[in-house]
Amino acid sequence: MLHLFRSVIIAAVVGLVVLPLPCQAYVQWVKLRLTAHRGHTGGQGVVTFSESFGETKQDDGAKIVVEISNVPLPPGTELVVEIHEKEVGTVKLNSERAARLVLDSKFGKSVPRIHTGSIVTIKLPGGGGTVLW
């Protein structure tokens, strides 16, 4: 009887080790505020970074949304978005002096990871000055 009980326990332990356990979902969400730089007072913005794996209610991958508003430059001005001092895209101010950039990691594209200490800047093109940071 003891031998049978020991065999059942060993089989259960082996089964737990061999069978994969279900993976838990991973979701990260970071929100950074952008403020005006010298000479561009009034401008503001928000950078939102989300990343998820294994979540059933959304697709896996990362997404960055950069939204700026009230930028004291003429409508139609093109601005460069930099994350970690690397250009990731450009935006053009609309008639309300606002713009939005969405970067998505779907379809083989990657996006830079953002955490609470990340540096995000909005600049004028061609080595121009910083507008928001």
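Above this text sits the structure in question.
The structure displayed is predicted, hence computed values, not measured ones.

1. Let's talk about the sheet that holds strand 2 (residues 44-53)
- Pairing is antiparallel across the open sheet formed by 4 strands, whose spatial order is 1-2-3-6. Looking at the sheet topology across the chains shown, the edges are occupied by strand 1 (26-35) and strand 6 (99-104). Averaged over neighbouring strand pairs, the angle between their axes works out to 10 degrees when direction is ignored.

2. A few points about the nonpolar core
- Counting residues in hydrophobic clusters, the biggest one holds 25 residues, and the most contacted among them are Ile64, Val66, Ile68, Leu79 and Ile114.
- For this core, the leading source of residues is strand 3 (residues 61-69), giving 4 residues.
- Contacts of Leu79, omitting those with residues within four sequence positions, involve Ile68, Val71, Leu73, Gly89, Thr90, Val91, Leu93, Ile122, Lys123, Leu124 and Val131.

3. Examining a nonpolar patch on the surface
- A contiguous nonpolar surface patch, about 690 Å² in accessible area, is contributed by Phe5, Ile9, Ile10, Val13, Val14, Val17 and Val18.
- Relative to the assigned elements, Ile10 resides in helix 1 (residues 2-18).

4. Some words on the pairing of strand 7 (residues 120-123)
- Pairing of strand 4 (residues 78-83) with strand 7 involves 4 bridges; the strand directions are antiparallel. Bridge pairing links Glu82 to Thr121 in strand 7.
- In textbook terms, the turn of a hairpin is the stretch between consecutive antiparallel strands, and for strand 7 and strand 8 (residues 130-132) this stretch comprises 6 residues, one of which, Gly126, has a positive phi near 70 degrees.

5. Let's talk about the side chain of His37
- Relative to the assigned elements, His37 resides in the loop between strand 1 and strand 2.
- With a relative accessible area of 18%, His37 lands in the buried category.
- Within the local environment of His37, its side chain forms a polar contact with the backbone oxygen of Thr130, the two atoms lying 3.4 Å apart.
- Setting aside anything within four residues of it in sequence, one finds His37 in contact with Thr130, Val131, Leu132 and Trp133.

6. As for the pattern of salt bridges
- Taken as a whole and assessed by the stated rule, the structure comprises 3 salt bridges.
- Among the salt bridges present, the one from Lys123 reaches Glu82, with a minimum N-O distance of 3.4 Å. Separated by 41 residues along the polypeptide, Lys123 in strand 7 and Glu82 in strand 4 bring together distant segments of the chain.
- With a relative accessible area of 16%, Glu82 lands in the buried category.

7. Details of the layout of surface pockets
- As a volume, the largest pocket reaches approximately 150 Å³.
- Contributions of two or more residues to the lining of the largest pocket are made by strand 2 and strand 3.
- Looking at the lining of the largest pocket, its residues break down into 1 nonpolar, 4 polar and 6 charged.

8. Section: the sheet that holds strand 5 (residues 86-92)
- Spatial ordering of the open sheet is given by 5-4-7-8, a layout of 4 strands whose pairing is antiparallel. Single-partner strands in this sheet number two, and they are strand 5 and strand 8. Across the sheet, the mean angle separating the axes of adjacent strands is 35 degrees when strand polarity is ignored.
- Sheet analysis places strand 7 next to strand 8, joined by 2 bridges and oriented antiparallel. Residue Lys123 lies in a different strand from strand 8, and its bridge partner there is Thr130.

What counts, and at which threshold
- Residues numbered from 1 in each chain as written.
- Predicted model: local features only at pLDDT ≥ 70, side-chain atom pairs only at ≥ 80, totals over all residues.
- Heavy atoms only, no water.
- Pairing = 2+ DSSP bridges.
- Helix = DSSP H or I, 4+ residues; strand = E, 2+ residues; numbered from the N terminus.
- Axes fitted to C-alpha atoms, helices over the stretch in contact; angles between N-to-C directions.
- Core = buried A, V, L, I, M, F, W, Y, C linked by side-chain atoms within 4.5 Å.
- Buried < 20%, exposed > 50% of the residue type's maximum accessible area, 1.4 Å probe, protein only.
- Contact = heavy atoms within 4.5 Å.
- Patch = residues over 30% accessible without salt bridge, like charges linked within 9 Å, V, L, I, M, F, W, Y side chains within 5 Å.
- Areas by Shrake-Rupley, 256 points an atom, 1.4 Å probe, with all protein chains shown as cover.
- Salt bridge = Lys/Arg side-chain N within 4 Å of Asp/Glu carboxyl O.
- Polar contact = N/O pair within 3.5 Å; in protein donor to acceptor, adjacent residues only side chain to side chain.
- 1 Å grid on protein atoms, 1.4 Å probe; cavity = no way out; pocket = protein on both sides within 12 Å on 5 of 7 lines; lining within 4 Å.
- Points joined across faces, edges and corners; volume = space filled by probe spheres on them.
- Nonpolar A, V, L, I, M, F, W, Y, C, P; charged D, E, K, R; others polar.

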